[in-house]
Amino acid sequence: MAKILDGKAISAEIRAEIKTRVNELKEKGIVPGLGVLLVGDDPASRSYVTAKERACEEAGIYSKEVMLPVTASHTEILQVVEDFNIDPQINGILVQLPLPDSSMEQSVIEKILPEKDVDGFHPVNVGRMMLGLPAFLPCTPHGVLQILKRSGIETAGAHVVVIGRSNIVGRPLVNLLSQKSELGNATVTMCHTRTKNMAELTRQADIVVAATGWPGTVTADMIKEGAVVIDVGVNRIPDDSKKSGFRLVGDVDFEPVAAKASAITPVPGGVGPMTITMLLANTVESAVRSHKAE
Ligand code: GUN
């Protein structure tokens, strides 16, 4: 049976470090602040935003939420971003995605000042990350790297297969893991919906990362004995036995895969809490940088 990579415990460890840092900054009169924009009433987005705000509060980070109705215009959305851009109390800006109209997403992301883009989605940060320059790293990929590092799983020389090519997770992860850096130096293969013989590739992997948004993407026959499995998926599936009417599952067929793997992240309690933790880390980093720039 695989070792469970406890993202909740690793998150708690990092959040304690962040809280100490925030207290030190407050003594110097610096209070890190996060501006959050939620458009529409998607229940999953609402629950992510609430979790992010609660995490800010626990870490001593100021957060300001703006909610717009599902009918909000492009101009109204850009105006909220601009208000955050010029607000000196706001060091980080988070526009919860997806937006009700996904065709607006790129222009909204590009409206965020790169120095406040704590999601690491702005082309300036994406480009800087790609070049290995200092940049805000996207939170989920960064969280995955931290789980590996803090669990003592070596990426250098490992063959990592990443399943998924999203701009938020798959592509940045492939980039970061392949970089000549402490958390990289892996040989990386990217798989996606048009990949042929995916199982042949995943069976060669020392580490498999699943980031597709489809339950059951990774089954036990796709895994080499002793591989490490990181499950980025957060999928809601109907479950009448739950008060909410659903339960969360990842992209990995957990029980059979765990029986074969050497280590695995659970869902919930794996990568999910790490995403929020890295958002807090980026917000604090942004506050420190803006103070230095003064
Ligand atoms: N939606 C799903 N993941 C994320 C994330 O990391 N940041 C934002 N802003 N929206 C998301």
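Relevant structure appears above.
Residues numbered from 1 in each chain as written. Predicted model: local features only at pLDDT ≥ 70, side-chain atom pairs only at ≥ 80, totals over all residues. Heavy atoms only, no water.

A.B. asks: Help me out: how do you make sense of unusual backbone geometry in this one?
C.D. replies: Backbone torsion omega between Leu97 and Pro98 reads 0°, so that peptide bond is classified as cis. Within the fold, Pro98 resides in the loop between strand S4 (92-95) and helix H4 (105-111). Phi is positive for Asn185, which is not a glycine, with a value near 65°. Positionally, Asn185 belongs in the loop between helix H7 (170-178) and strand S6 (187-191). (Helix = DSSP H or I, 4+ residues; strand = E, 2+ residues; numbered from the N terminus.)

A.B. asks: What should I look at first to understand the state of the cysteines in this one?
C.D. replies: A disulfide bridge is the covalent bond that connects two cysteines by way of their sulfur atoms. Enumeration according to the criterion identifies zero disulfides in this entry. A disulfide-free cysteine, Cys56 has its sulfur positioned 11 Å from the sulfur of Cys139, the nearest such atom. (Disulfide = S-S within 2.5 Å.)

A.B. asks: Please clarify how the sheet that holds S6 should be interpreted in this entry.
C.D. replies: Across a sheet, strands are paired by hydrogen bonds formed along the backbone, either parallel or antiparallel in direction. A sheet is described by the order of its strands in space; here six strands give the open sequence S1-S11-S8-S7-S5-S6, paired in parallel fashion. Two strands in the sheet have a free side with no partner beyond their single neighbour: strand S1 (3-4) and S6. Bridging between strand S5 (residues 159-163) and strand S7 (residues 207-210) involves four bridges; their strand directions are parallel. Across the sheet, residue Ile163 finds its bridge partner in S7, namely Ala210. (Pairing = 2+ DSSP bridges.)

A.B. asks: For this particular structure, what's the right way to read the packing of aromatic side chains?
C.D. replies: How two aromatic rings sit relative to each other is set out by the distance from centre to centre and by the angle between their planes. The full count for this structure, using the stated rule, is zero aromatic pairs. Its guanidinium or amino end placed over the ring of Phe136, Arg289 lies 4.3 Å from that ring's centre, counting from NZ or CZ. (Phe/Tyr/Trp six-rings, centres within 6.5 Å; stacked < 30°, edge-to-face > 60°. Lys NZ or Arg CZ within 6 Å of the ring centre and 35° of its normal.)

A.B. asks: How should I be thinking about the pattern of salt bridges in this particular structure?
C.D. replies: Any two side chains of opposite charge can pair if their charged atoms end up close together. In the structure shown here, the tally under the stated rule is ten salt bridges. Between Glu53 and Arg46 there is a salt bridge, with its nearest N and O atoms 3.9 Å apart. Accessibility expressed as a relative area gives 26% for Arg46, which makes it partly exposed. (Salt bridge = Lys/Arg side-chain N within 4 Å of Asp/Glu carboxyl O. Buried < 20%, exposed > 50% of the residue type's maximum accessible area, 1.4 Å probe, protein only.)

A.B. asks: Would you explain the packing of helix H6 (residues 139-150) against H7 in this entry?
C.D. replies: Each pair of packed helices can be summarised by the angle the axes make with each other and by the distance between the axes. The contact between H6 and H7 brings their axes to 9 Å, and the two run at 40°. Comparing the axis directions of H6 and H7 gives the class oblique. As for how H6 packs across H7, the hand of that crossing is right-handed. Packed against H6, whose contacting residues are Pro141, Val144 and Leu145, the element H7 presents Pro172, Leu173, Leu176 and Leu177 at the interface. The class makeup of the residues in the contact of H6 with H7 is seven nonpolar, no polar and no charged. (Axes fitted to C-alpha atoms, helices over the stretch in contact; angles between N-to-C directions. Parallel < 35°, antiparallel > 145°, perpendicular 65-115°, else oblique. Left-handed = near helix turned anticlockwise from the far one by under 90°. Contact = heavy atoms within 4.5 Å. Nonpolar A, V, L, I, M, F, W, Y, C, P; charged D, E, K, R; others polar.)

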